[in-house]
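Each chain is listed here by its residues.
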Amino acid sequence: MSRRTAIRQALTDRNEGLFALAVLAITGFYFVTAVFGGRHLLHAGYLYLNDIFSGIDLERTVRSLSEPGYFDRNNVHPLFIPLFRPFGLLIQQLGITRGTSAVIVNAAAGGAGMLLMAVYLRLRGVRRLNAALLVWLMGACSSMSIGMCFPDTDLFALCVIGLSFLWLAWVLMHPLPPEASRVRRWGRQALWLVLGVLDYG
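Residues numbered from 1 in each chain as written. Predicted model: local features only at pLDDT ≥ 70, side-chain atom pairs only at ≥ 80, totals over all residues. Heavy atoms only, no water.

S.K.: Pulling in residues and values, what's your account of the pattern of salt bridges?
M.R.: Counted under the stated rule, the structure contains 3 salt bridges. Across the salt bridge formed by Arg128 and Glu16, the nearest N and O atoms sit 3.2 Å from each other. Placement of Arg128 in helix H5 (residues 128–140) and of Glu16 in helix H1 (residues 3–43) is noted, with a sequence separation of 112 residues between them. On the basis of relative accessible area, Glu16 is assigned to the partly exposed category, the value being 28%. Taken together, the shared-partner salt bridges connect Glu16, Arg122 and Arg128 into one network. (Salt bridge = Lys/Arg side-chain N within 4 Å of Asp/Glu carboxyl O. Helix = DSSP H or I, 4+ residues; strand = E, 2+ residues; numbered from the N terminus. Buried < 20%, exposed > 50% of the residue type's maximum accessible area, 1.4 Å probe, protein only.)

Structure, rendered in structure tokens:
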């Protein structure tokens, strides 16, 4: 490796690190803002609404994420509670109330979706600055900023769909050679099956 190539590689690694820090800072800002906003709405009594027309049942989501033994299958993915309630219960071990733990888990799901978006954009060859700006725009849009404050299932679906797109981008960048073993081929198919089960519903 020539000296010029080594310097270029070092700068690239440094730029990737700066990009990661920028994305984490953007995501952290929206996460903290959503937690404080959601907590304020919780204490004001706005997280116990049921909107039939838009399909939003905030109380059900809050209880599903934070209340042990609660289960309401009404139009919810059957794996939603087993996958995400443990995080709410774990947060409660720190002395945080049930409602606030649900708000934190929901905001974290939105933040995870933003991080997945950043990784996907980089895998698709989007420039670092453009990717960071798109992540910022994603968090600034009303559906995302409001959704991170109001616990619902949409952001969790966003994370699962984001994982699917991330896996698709990786598969397109790393196609299997013709001589690939059956284990590798079946492994990829198995992961598609898992993502399909998570995406369903």
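S.K.: Describe the packing of aromatic side chains, with residues and values.
M.R.: Applying the stated criterion to the full structure yields 7 aromatic pairs. Ring geometry for Phe80 and Phe156: centres 5.1 Å apart, planes at 80°, overall edge-to-face. Here Phe156 lies in helix H7 (residues 154–173) and Phe80 lies in helix H3 (residues 80–92), a separation of 76 residues in the sequence. There is no split in this pair, since Phe80 and Phe156 are both buried. On the numbers, 5.4 Å between centres and 10° between planes, the contact of Trp167 with Trp170 is stacked. In this pair, Trp167 and Trp170 both sit in helix H7, 3 residues apart, roughly one turn of the helix. In this structure Trp170 comes out as partly exposed when scored by relative accessible area, which is 36%. Grouped by ring-pair contacts, the aromatic residues Phe80, Phe84 and Phe156 constitute a single cluster. (Phe/Tyr/Trp six-rings, centres within 6.5 Å; stacked < 30°, edge-to-face > 60°.)

S.K.: Kindly report on a nonpolar patch on the surface, identifying the contributing residues and their values.
M.R.: Taken together, the side chains of Ile161, Phe165, Leu168, Leu172 and Trp192 define a hydrophobic patch exposed on the protein surface, amounting to about 450 Å² of accessible area. The biggest single contributor to the nonpolar patch is H7, with 4 residues. Tracing the sequence through the fold places Trp192 in helix H8 (residues 182–199). (Patch = residues over 30% accessible without salt bridge, like charges linked within 9 Å, V, L, I, M, F, W, Y side chains within 5 Å. Areas by Shrake-Rupley, 256 points an atom, 1.4 Å probe, with all protein chains shown as cover.)

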